[in-house]
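Here is what each chain is made of, one letter per residue.
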Amino acid sequence: MITASFKETQAYLESFINYERITEPAYKDSFKLERMQDFLKELGDPQKTLECIHVAGTKGKGSTSAFIAYILQEAGYRTGLYTSPHLINFRERIRILENQASDDEFAGMISEEEVASLVERLRPIADKFSAENPYGPLSFFEVYTALALVYFKEKKVDFAVLETGLGGRLDATNAVEALVSVITPLSYEHTQKLGNTLAEIAAEKAGIIKTKQATVITAPQPEEAIEVLQKKCAGLNAKLYAVGEDITYQKNNAGFGIVALGYKYPHLAIELLGEHQIVNAAVAVGVISALRSKGINITEKAVTDGLAKTRWPGRCEIVSKDPYLVLDGCQNRASAAALKEAISKNFKYGKLILVLGVSKDKDIKGICEELFTLADEIILTRADNPRATDPAALAGYFKDRPLHLTSSVKEACALAKQIADKIDLILVCGSLFVIGEARECRVK
């Protein structure tokens, strides 16, 4: 019987240090994979019972993970999906997809009762471990990752699709052994934690490739990044399959087709907007084709239906029309450029009103420079998060444009609604924390 209310459970989880709300670069020293591995041993090593697909990268991790999970669901498999961060409710991070896809964008989300029950059982172990472990106390992400792995084990999922939180080598999710390892597009991010070059960043991400003769699927990568992945795979005699070489896609009038590892999928379409999402879909289909080559039964229809039904909120998401309200969590120059291209190719509008808020540790200069030419009027804001950049610090990137500074996302959304005509487009973007708050506002 559950004795702790969900509110109390949530307060307990939030008592653990949460690096998603901290900006100091020194905290890289706090990442200790050994701590997570030791904690999981105390919990009976739930990860060892799971068939895992492990996804790392800079851009598109969440979308790619969702594509994979939705396809597996359509193939009839009970599939655990673990992603981060969340937009509104931290329960979004842990989902089980089974039967056919629902219109509910967060279908299968762990319930409040299940979270409370799990925490009640694990709390004595977590408290004792956190107090005594030589590697220091557990973090929120480590505890919640452990909850997800225990939950997936107890629910007897057929597959668990896991998105890394930060990097890969030292990430808490890297305690698992992957059936397939996945690297989505790499670009500059978290340089103070992951390294100042693409090669250094790639080395951190490639840390999820650990087992001999592993199967690895990668998106197209910059030359210095792909060289790191090739060297890592060669050292483990792992098979590396790359989009653009072993996995190809071609657009057509109805959508696009993919050929991957000898399997053909000629009639594909997705709801997610942007060329970059087709690349993410190609990576996902590469993963599915690798599973098929291992004898796992997944039909072409499951691939087609799974991609078509995939929903991933907050990524070029159309929330309303007249005027358009579009939300996108672009967090570096490359993702901002992809967003700009997606907006230009998929929308017709009068003026574009940009609502922007960025975290301090993101590529502020790159994001602002990419979006400057897209915006007719700018509203700068900040999320309710210690990592949020002061809107005034962003203003210098938007000279010669009508500019407004706001102190909250709610205020920014209300102002955008006042400014916009029915033929206009309101684009809320930047930090995923901003996107989550904007979804709660639901500007209409």
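Here the structure is shown first, and the text comes after it.
Cut-offs applied
- Residues numbered from 1 in each chain as written.
- Predicted model: local features only at pLDDT ≥ 70, side-chain atom pairs only at ≥ 80, totals over all residues.
- Heavy atoms only, no water.
- Phe/Tyr/Trp six-rings, centres within 6.5 Å; stacked < 30°, edge-to-face > 60°.
- Helix = DSSP H or I, 4+ residues; strand = E, 2+ residues; numbered from the N terminus.
- Buried < 20%, exposed > 50% of the residue type's maximum accessible area, 1.4 Å probe, protein only.
- Core = buried A, V, L, I, M, F, W, Y, C linked by side-chain atoms within 4.5 Å.
- Contact = heavy atoms within 4.5 Å.
- Axes fitted to C-alpha atoms, helices over the stretch in contact; angles between N-to-C directions.
- Parallel < 35°, antiparallel > 145°, perpendicular 65-115°, else oblique.
- Left-handed = near helix turned anticlockwise from the far one by under 90°.
- Nonpolar A, V, L, I, M, F, W, Y, C, P; charged D, E, K, R; others polar.
- Polar contact = N/O pair within 3.5 Å; in protein donor to acceptor, adjacent residues only side chain to side chain.
- Pairing = 2+ DSSP bridges.
- Salt bridge = Lys/Arg side-chain N within 4 Å of Asp/Glu carboxyl O.

All chains considered together, the criterion is met by 11 aromatic pairs. With a centroid separation of 5.3 Å and 40° between ring planes, the pair formed by Phe39 and Phe129 is classed as tilted. With Phe39 in helix 2 (residues 33-42) and Phe129 in helix 4 (residues 112-132), this pair connects stretches of sequence that are 90 residues apart. When sorted by exposure, Phe39 lands in the same class as Phe129, which is buried. Ring geometry for Tyr77 against Phe159: centres 5.2 Å apart, planes inclined by 85°, an arrangement best described as edge-to-face. Here the residue Tyr77 occupies a position in the loop between helix 3 (61-74) and strand 2 (79-82), and Phe159 occupies one in strand 4 (residues 159-163), the gap between them amounting to 82 residues. Residue Tyr77 is classed as buried on the basis of its relative accessible area, which comes to 18%. Relative accessible area serves as the criterion here: at 5%, Phe159 is assigned to the buried category.

The step from Ser84 to Pro85 runs through a cis peptide bond, and the omega angle for that step is -10°. The omega angle of the peptide bond from Asp322 to Pro323 is 0°, so this bond is cis rather than trans. Mapped onto the elements of the fold, Pro323 is located in the loop between strand 11 (317-320) and strand 12 (324-328). Its identity as a non-glycine residue notwithstanding, Lys156 has a phi of 55°, on the positive side.

Attention now moves to the nonpolar core. One finds Ile53, Ile68, Leu72, Ile258, Ile298, Val303 and Leu307 to be the most contacted residues of the largest nonpolar core, which totals 44 residues. It is helix 9 (residues 275-293) that provides the largest number of residues to this core, a total of 11 residues. With near-sequence residues (within four places) excluded, Val303 lies in contact with Ile71, Tyr265, Leu268, Val285, Ile288 and Ile298. Judged by nonpolar contacts, the second largest core, of 40 residues, contains Leu13, Ile96, Ala160 and Val176.

Here the focus is the packing of helix 9 against helix 10 (residues 300-309). Angle between the axes and distance between the axes: these two values describe a pair of packed helices. It is at 12 Å that the axes of helix 9 and helix 10 come closest, and there the two elements cross at 155°. By the criterion of interaxial angle, the relationship of helix 9 to helix 10 is roughly antiparallel. Note on packing geometry: the crossing formed by helix 9 with helix 10 is right-handed. Within the contact between the two elements, helix 9 uses Ala281, Val285, Ile288 and Arg292 and helix 10 uses Glu300, Val303 and Leu307. Classifying every residue of the contact of helix 9 with helix 10 gives 5 nonpolar, no polar and 2 charged.

Quick look at the side chain of Thr79 now. With respect to the element layout, Thr79 can be found in strand 2. Residue classification places Thr79 among the buried residues on the basis of a relative accessible area of 0%. At 3.1 Å, the side chain of Thr79 and the backbone oxygen of Tyr77 are in polar contact.

Another aspect to go through is the sheet that holds strand 10 (residues 263-268). As summarised here, the arrangement of the 3 strands in space is 8-9-10, forming an open sheet in which the pairing is antiparallel. A single partner strand is all that each edge strand has here, and the edge strands are strand 8 (247-252) and strand 10. Averaged over all pairs of adjacent strands, the angle between their axes in this sheet comes to 10°, without regard to strand direction. Relative to strand 9 (residues 255-260), strand 8 runs antiparallel, the two sharing 6 bridges. Along strand 9, the bridge assignment pairs Ile247 with Ala260.

Now for the packing of helix 7 (residues 198-205) against helix 8 (residues 223-235). Contact pair helix 7 / helix 8: the axes reach a minimum separation of 8 Å and the direction vectors enclose 35°. Viewed along their axes, helix 7 and helix 8 form a crossing whose handedness is right-handed. For the pair helix 7 and helix 8, contact is made by Leu198, Ala199, Ala202 and Ala203 and by Glu224, Ala225, Val228 and Leu229, respectively.

Burial of strand 16 (residues 425-430) is extensive: 6 of the 6 residues sit out of reach of the surface. Burial along strand 16 is two-sided: Leu425, Leu427 and Cys429 facing one way and Ile426, Val428 and Gly430 facing the other are all buried. With 6 bridges connecting them, strand 13 (residues 352-357) and strand 16 associate as parallel partners. Pairing of Leu352 across the sheet is with Leu425, part of strand 16.

Time to look at the pattern of salt bridges. Under the counting rule described, the total for this entry stands at 20 salt bridges. In this structure, Lys155 and Glu114 form a salt bridge, with 3.2 Å as the shortest nitrogen-oxygen distance. Taken together, the positions of Lys155 in the loop between helix 5 (140-154) and strand 4 and Glu114 in helix 4 put the pair 41 residues apart, joining distant regions of the chain. Its relative accessible area of 24% is what places Glu114 among the partly exposed residues. The salt bridge partner of Glu275 is Lys251, with a shortest N-O separation of 2.8 Å. Taken together, the residues span a long stretch of sequence, with Glu275 in helix 9 and Lys251 in strand 8 at a distance of 24 residues. With a relative accessible area of 24%, Glu275 lands in the partly exposed category. It is possible to trace a salt-bridge network through shared partners that takes in Arg333, Lys340, Lys365, Glu369 and Glu370.

Taken by themselves, the reported measurements are silent on function.
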